[in-house]
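One-letter residues, chain by chain:
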Amino acid sequence: MTTHSELSVIVLAGGKSSRMGRDKALLPIKGVTLLQRVCNIAESCANTVYVVTPWPERYQHLLLPHCEFIKEVSLVNEKVRIQENTENSVTPLTSTTNGPLVGFAQGLAKVETEWVLLLACDLPRLQVEVLQAWAAGLGNVEDEAIAALAHHPKGWEPLCGFYRRRCLPQLLEFINQGGRSFQQWLKQYLVEVLPLPAPEILFNCNTPEDWTLVR
């Protein structure tokens, strides 16, 4: 059984929210922003929660006392490398749209636990009980698997699932080769399928219609 101290969480808050027309992370639902809601649930699963975003100053006013912001940086020459220092941080090597895969890599470089739970900031129907049940079963995941994720007809659900920290070198190699797709990266490795008792937890709030539906 994986305990709070053996699991970290990365919350990605770097999307452009182009379909929504406003920052999804700041959408209020019952008086709580989406980012706060996701972070509150994350704190129920792990002691360490990282929020990866290009705009930490945009969210500093939110009550996220147990979260550490990691400023996502644009890549130069579409390359990313790991600094050989105690922080083990990802260093940018030009200004380009990163996408969630790169944001994840920059957050993963900070993680010290074996497993990390990756969450998008636009999951209004997350259920802490499901996440905790998944975390409790990580000890049974095959050693060769780099991740444990839910699966649906379109492929893996990469932004609500678990990854082993040791997958970082393979992830960086894929990014340095120009890869930006979670699906293309994951198909190269063994991934364990998570049971999905409540499919609605994967619902993304992407459009004004989605937001209205959630509210």
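Residues numbered from 1 in each chain as written. Predicted model: local features only at pLDDT ≥ 70, side-chain atom pairs only at ≥ 80, totals over all residues. Heavy atoms only, no water.

## As for the overall build of the protein
Inference 1: Scanning the protein from N- to C-terminus turns up seven helices and 13 strands.
Inference 2: Burial status across the protein gives 51% buried among its 215 residues.
Inference 3: Carbon and sulfur atoms make up 51% of the accessible area of the protein, which totals about 10,300 Å². (Helix = DSSP H or I, 4+ residues; strand = E, 2+ residues; numbered from the N terminus. Buried < 20%, exposed > 50% of the residue type's maximum accessible area, 1.4 Å probe, protein only. Areas by Shrake-Rupley, 256 points an atom, 1.4 Å probe, with all protein chains shown as cover.)

## Some remarks on the nonpolar core
Inference 1: If you look at the biggest cluster of nonpolar residues, it comprises 72 residues, and the most contacted ones within it are Ile10, Val11, Leu35, Leu119, Phe162, Tyr163 and Trp185.
Inference 2: Counting residues per element, this core draws most heavily on strand β8 (residues 115-120), which supplies six residues.
Inference 3: When sequence neighbours within four positions are dropped, the list of residues in contact with Leu119 reads Val9, Ile10, Val11, Leu12, Val38, Ala42, Leu126, Leu131, Leu159 and Cys160.
Inference 4: Listed in part, the eight residues of the second largest apolar core include Ile29, Phe203, Cys205 and Val214. (Core = buried A, V, L, I, M, F, W, Y, C linked by side-chain atoms within 4.5 Å. Contact = heavy atoms within 4.5 Å.)

## Concerning unusual backbone geometry
Inference 1: For Lys30, which is not glycine, the phi dihedral falls at a positive 55°.
Inference 2: Its place among the elements puts Lys30 in the loop between β2 (28-29) and β3 (32-33).

## Describing the state of the cysteines
Inference 1: Applying the stated criterion across every chain yields a total of zero disulfides.
Inference 2: Distance from the sulfur of Cys160, which forms no disulfide, to the nearest cysteine sulfur (Cys45) is 9.6 Å.
Inference 3: Its relative accessible area of 1% is what places Cys160 among the buried residues. (Disulfide = S-S within 2.5 Å.)

## Quick look at the packing of helix α3 (residues 100-108) against helix α5 (residues 168-176)
Inference 1: Where α3 meets α5, the closest approach of the two axes is 10 Å, and the angle between their N-to-C directions is 145°. At the point where α3 passes α5, the crossing takes the left-handed sense. Between α3, through Leu101, Val102, Phe104, Ala105 and Leu108, and α5, the contact on the second element is made entirely by Leu168, Leu171, Leu172, Phe174 and Ile175.
Inference 2: Here the residues of the contact of α3 with α5 sort into ten nonpolar, no polar and no charged. (Axes fitted to C-alpha atoms, helices over the stretch in contact; angles between N-to-C directions. Left-handed = near helix turned anticlockwise from the far one by under 90°. Nonpolar A, V, L, I, M, F, W, Y, C, P; charged D, E, K, R; others polar.)

## Topic: helix α4 (residues 128-136)
Inference 1: The set of residues buried in α4 consists of Val128, Val130, Leu131, Trp134 and Ala135. Angularly, the buried residues of α4 cover 160° about the axis, an arc narrow enough to put them on a single face. In α4, the exposed residues that point more than 90 degrees away from the buried face are Glu129 and Ala133.
Inference 2: If you follow the buried residues of α4, they end up packed against β1 (7-12), α1 (34-43), β8 and β12 (160-164). (Arc of directions from axis to C-beta.)

## Comments concerning the sheet that holds strand β13 (residues 191-193)
Sheet strands pair via backbone hydrogen bonds, and the direction of the pair is either parallel or antiparallel.
Inference 1: Here we have seven strands laid out as an open sheet, ordered β5-β4-β1-β8-β12-β9-β13, and mixed in their pairing. Only two strands of the sheet have a single neighbouring strand rather than two, namely β5 (67-71) and β13. Each adjacent strand pair in this sheet contributes to an overall mean axis angle of 25°, direction not counted.
Inference 2: Relative to β1, α3 is tilted by about 145°, and along the sheet it contacts β1, β4 (48-53), β5, β8 and β12.
Inference 3: Relative to β12, α4 is tilted by about 25°, and along the sheet it contacts β1, β8 and β12. (Pairing = 2+ DSSP bridges.)

The quantities given are spatial measurements derived from coordinates; they are silent on function.
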